[in-house]
Amino acid sequence: MRAPKYLHLILLTACFIVPFAHYYLTSTDALMFDDAAEFALVIHLGSIAHSPGTPAYILGGMLWNSLLSFFHSDLISNLNLFSAVLVSAAVALLYLALRNFLLLSRKQLEPDSRILFSAAFASLAFGLGTVTWSWGNTIVVFGFQVFAMSLLLYGLTSWRRDPKFRFLLIAGTGWALGLGNHHLTM
């Protein structure tokens, strides 16, 4: 049985908004833990962090801060928001990838409600977990890394369902961001 017409879009939107609201409402304008101070400093300076250097994350953070500095000048708040957006986008991409994976495993062309809800709840469980919350709530490279991994998974599962070149470009972008960042798998 086919899912209701707008259910997919509603769940996709929820997979971004629910984690983002959670991260945003529990965020701080201070540095939290681990390497947050180092990453904030190297993004501010345009420098290089500790090994392996995480150049894709540093460049992304610099661009993000440059864009947001027109509206808000606080580096720490801008970079905490960057993490929240990255991890929330990763949760939404993970929903799309899991939806594709479930469709492929069941050899279905169109999703039913069970597939959509399964993909959404699994993605939200990841997005609302303690470790993922910490990635979405502080200045740390892992939020960027999980975004790159989710982009890769979405591109590959989409290409497997519909072998169009654009899906390989999406997967390649995730692969390149992951390799130009920390390491591809976590």
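To start, this report covers the structure provided alongside it. Since the structure is predicted, the reported quantities are computational estimates derived from the model, not experimental observations.

1. Some thoughts on the overall build of the protein
Part 1: Secondary structure summary: the protein contains eight helices and zero strands in total.
Part 2: For the protein, the succession of helices and strands along the chain, N to C, is α-α-α-α-α-α-α-α.
Part 3: Radius of gyration (C-alpha) of the protein: 17 Å, near the 16 Å computed for a compact globule of 186 residues.
Part 4: C-alpha atoms of the protein, sized along the principal axes, occupy 55 × 35 × 30 Å.
Part 5: Within the protein, buried positions represent 45% of all 186 residues.
Part 6: Sequence-distant contacts, at least 24 apart, represent 71% of the contacts inside the protein between residues at least 6 apart.
Part 7: Averaged over its 10 positive side-chain charges, the protein has a centre that lies 25 Å from the centre of its 8 negative ones.

2. Details of the pattern of salt bridges
Part 1: This model, assessed by the stated rule, comprises three salt bridges.
Part 2: Where R106 meets D112, a salt bridge forms, and the shortest distance between an N and an O atom there is 3.7 Å.
Part 3: Between K164 and D162 there is a salt bridge; the shortest N-O distance is 3.3 Å.
Part 4: The exposure class of K164 is partly exposed, given its relative accessible area of 37%.
Part 5: Of the residues examined, D162 reaches a relative accessible area of 29% and is grouped as partly exposed.
Part 6: Each of R106, D112 and R114 takes part in a single network of salt bridges with overlapping partners.

3. Considering helix α2 (residues 36-45)
Part 1: Every buried residue of α2 is listed here: A36, F39, A40, V42 and I43.
Part 2: Considering only its buried residues, α2 is in contact with α3 (55-68) and α4 (75-106).
Part 3: Once α2 ends, the next one or two residues include G46, with phi positive near 70 degrees.

4. Quick word on a nonpolar patch on the surface
Part 1: On the surface, L156, W159, F165, L168 and L169 cluster together to form a nonpolar patch covering roughly 480 Å² of accessible area.
Part 2: Here the element with the most residues in the nonpolar patch is helix α8 (residues 165-179); it accounts for three residues.

Basis of the calculations
- Residues numbered from 1 in each chain as written.
- Predicted model: local features only at pLDDT ≥ 70, side-chain atom pairs only at ≥ 80, totals over all residues.
- Heavy atoms only, no water.
- Helix = DSSP H or I, 4+ residues; strand = E, 2+ residues; numbered from the N terminus.
- Rg over C-alpha atoms; globule rule 2.2 N^0.38 Å.
- Buried < 20%, exposed > 50% of the residue type's maximum accessible area, 1.4 Å probe, protein only.
- Contact = heavy atoms within 4.5 Å.
- Lys, Arg positive; Asp, Glu negative; His and termini not counted.
- Charge placed at Lys NZ, Arg CZ, Asp CG, Glu CD.
- Salt bridge = Lys/Arg side-chain N within 4 Å of Asp/Glu carboxyl O.
- Patch = residues over 30% accessible without salt bridge, like charges linked within 9 Å, V, L, I, M, F, W, Y side chains within 5 Å.
- Areas by Shrake-Rupley, 256 points an atom, 1.4 Å probe, with all protein chains shown as cover.

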